[in-house]
Amino acid sequence: MATGRTHRPATRSRGIPEATVARLPLYLRALTALSERSVPTVSSEELAAAAGVNSAKLRKDFSYLGSYGTRGVGYDVEYLVYQISRELGLTQDWPVVIVGIGNLGAALAGYGGFASRGFRVAALIDADPAMTGKPVAGIPVQHSDDLEKIISEDGVSIGVIATPAGVAQQVCDRLVAAGVTSILNFAPTVLSVPDGVDVRKVDLSIELQILAFHEQRKAGEDTSAEEGPDAGAEAAAAVAPPAPRGATGDTGRKGPDGDVPAVMPA
């Protein structure tokens, strides 16, 4: 079986936009569910609804793959599963190392979706000597001193960082120096990598904060609806600070060109 080190997906060379690449896994997930139900064909509208996009965008995305479907019939589900899997590089073996086997790292090690999607957890790595040899999800943890050797022997090109933020960059540097060219980062920090190395960041706290923002807005809209159309404006006026002196043209300060505004424009 081919490994990730010798075969790379052709998406960039074929000019597929990154936004389209980001949606391909959504289509694949929806198609896989249809395949498991033995559904032979699917229309663009049905597949778009299942993937959470509009049908025009889906048809445009598929045109980059050279797949246009059949009028009145739709798309062949099994063929699309294969086509998208091939485009994403999931028809080959991608050995992955997970560095940092705390609660999150252990949970990732036990995630069953890796193997079914073309990823093989080649090694679990941790800096704690007490973890060395301890089986997690059936895989013995190896010490971080052996990181470079493991990457070389297993031909690893994808690394997962699940360490504390303080050591994530150091781990990243070692992964890159050893030949890893793609990194999935769960550490709550921004990693610096050289050109040619791809980093995808997963930050659960940021996603929760975005959800909290939307919840707050929904709560505000509900309150405004209950209190009447002018309630929001009245509440804003009640807490608004007094207008800066510069707003009336009287700043009390003079510049070479006249009054200096209280707030300089950007």
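Note that the structure is predicted; figures quoted are calculated from it, not measured.

Enquirer: I'd like to hear about helix α7 (residues 147-154), residue by residue, with values.
Expert: Residues lying three or four places apart along an α-helix face the same way, a consequence of the helix completing one turn every 3.6 residues. Regarding α7, the residues found buried are L147, I150 and I151. Projected down its long axis, α7 carries its buried residues within an arc of 95°, all on one side. Opposite the buried face of α7, at more than 90 degrees from it, the exposed residues are K149, S152 and E153. Those residues of α7 hidden inside the fold are in contact with β3 (94-99), β4 (119-126), β6 (139-143) and α8 (165-177). Downstream of α7 by a residue or two, G155 has a phi angle that is positive, lying close to 60°.

Enquirer: Pulling in residues and values, what's your account of the pattern of salt bridges?
Expert: A complete count under the given rule lists six salt bridges for this structure. With a shortest N-O distance of 2.7 Å, R23 and D61 are connected by a salt bridge. Of the two residues, R23 is situated in helix α1 (residues 18-36) and D61 in helix α3 (residues 55-64); the sequence distance between them amounts to 38 residues. Note on accessibility: R23 and D61 belong to one class, buried. Between D93 and R120 there is a salt bridge whose closest N-O contact spans 3.1 Å.

Enquirer: Kindly report on α3, identifying the contributing residues and their values.
Expert: Here α3 has its buried residues at S55, L58, D61 and F62. Buried positions in α3, seen along its axis, are confined to an arc of 120° and lie on one side of it. Its side-chain oxygen placed 3.2 Å from the backbone nitrogen of A56, N54 serves as the N-cap of α3. G66, located one to two residues past α3, shows a positive phi value of around 80°.

Enquirer: So what's going on with the packing of helix α2 (residues 44-51) against α3? Residues and values would help.
Expert: The interhelical angle for the contact between α2 and α3, taken along N-to-C directions, is 100°, at an axis separation of 8 Å. When the interaxial angle is binned, α2 and α3 end up roughly perpendicular. Contacts from S44, E45, L47 and A48 in α2 reach S55, L58, R59 and F62 in α3. Its residues assigned to classes, the contact of α2 with α3 shows four nonpolar, two polar and two charged.

Enquirer: How would you explain the sheet that holds strand β8 (residues 182-185) if you had to name every residue and give the values?
Expert: Note: strands within a sheet are paired through backbone hydrogen bonds, in either parallel or antiparallel orientation. Strand order in the open sheet made by the seven strands is β5-β6-β4-β3-β7-β8-β9, with mixed pairing throughout. At either end of the open sheet lies a strand with only one pairing partner, and these are β5 (135-136) and β9 (198-201). In this sheet, strand β7 (residues 158-161) lies alongside β3 in parallel orientation, the contact comprising four bridges. Bridging from a neighbouring strand, V97 pairs with G159 of β7. Against the sheet, α7 engages β3, β4 and β6, with an angle of about 165° to β4. Packing against the sheet, α8 makes contact with β3, β7 and β8, and its axis sits at approximately 170° to β7.

Enquirer: Describe the confidence of the model for the chain, with residues and values.
Expert: Scored by pLDDT, the chain comes out at a mean of 82, with 79% of its residues at no less than 70. Confidence drops under pLDDT 50 across residues 1-13; counting only partners more than four residues distant or on other chains, this segment forms 32 contacts. Note that pLDDT drops below 50 for residues 243-266; the model gives that stretch 16 contacts with residues more than four away or on any other chain.

Enquirer: Please set out the packing of aromatic side chains residue by residue, giving values where relevant.
Expert: Counted according to the given criterion, the structure contains three aromatic pairs. Ring centres of F62 and Y75 lie 5.1 Å apart, and the angle between their planes is 85°; this geometry places the pair in the edge-to-face category. Note that F62 is positioned in helix α3 and Y75 in strand β2 (residues 75-76), a separation of 13 residues in sequence. Relative accessible area serves as the criterion here: at 6%, Y75 is assigned to the buried category. Ring centres 5.2 Å apart and planes at 85° place the aromatic pair Y111 and F114 in the edge-to-face group. Classification of Y111 as partly exposed rests on a relative accessible area of 45%.

Enquirer: Provide a residue-level description of unusual backbone geometry, including the pertinent values.
Expert: Notably, S38 is not glycine yet its phi reads approximately 60°, a positive angle. Here S38 lies in the loop between α1 and β1 (41-42). For S38, a relative accessible area of 63% gives the class exposed. Here the phi dihedral of A137 falls at roughly 55°; this positive angle occurs in a residue that is not glycine.

Enquirer: So what's going on with the environment of K218? Which residues, and what values?
Expert: In this fold, K218 is placed in helix α9 (residues 204-227). Among the residues examined, K218 registers a relative accessible area of 42% and is labelled partly exposed. At 2.7 Å, the side chain of K218 forms a polar contact with the side chain of E215.

Quick notes on the rules
- Residues numbered from 1 in each chain as written.
- Predicted model: local features only at pLDDT ≥ 70, side-chain atom pairs only at ≥ 80, totals over all residues.
- Heavy atoms only, no water.
- Buried < 20%, exposed > 50% of the residue type's maximum accessible area, 1.4 Å probe, protein only.
- Helix = DSSP H or I, 4+ residues; strand = E, 2+ residues; numbered from the N terminus.
- Arc of directions from axis to C-beta.
- Contact = heavy atoms within 4.5 Å.
- Salt bridge = Lys/Arg side-chain N within 4 Å of Asp/Glu carboxyl O.
- Polar contact = N/O pair within 3.5 Å; in protein donor to acceptor, adjacent residues only side chain to side chain.
- Axes fitted to C-alpha atoms, helices over the stretch in contact; angles between N-to-C directions.
- Parallel < 35°, antiparallel > 145°, perpendicular 65-115°, else oblique.
- Nonpolar A, V, L, I, M, F, W, Y, C, P; charged D, E, K, R; others polar.
- Pairing = 2+ DSSP bridges.
- pLDDT = per-residue confidence, 0-100.
- Phe/Tyr/Trp six-rings, centres within 6.5 Å; stacked < 30°, edge-to-face > 60°.

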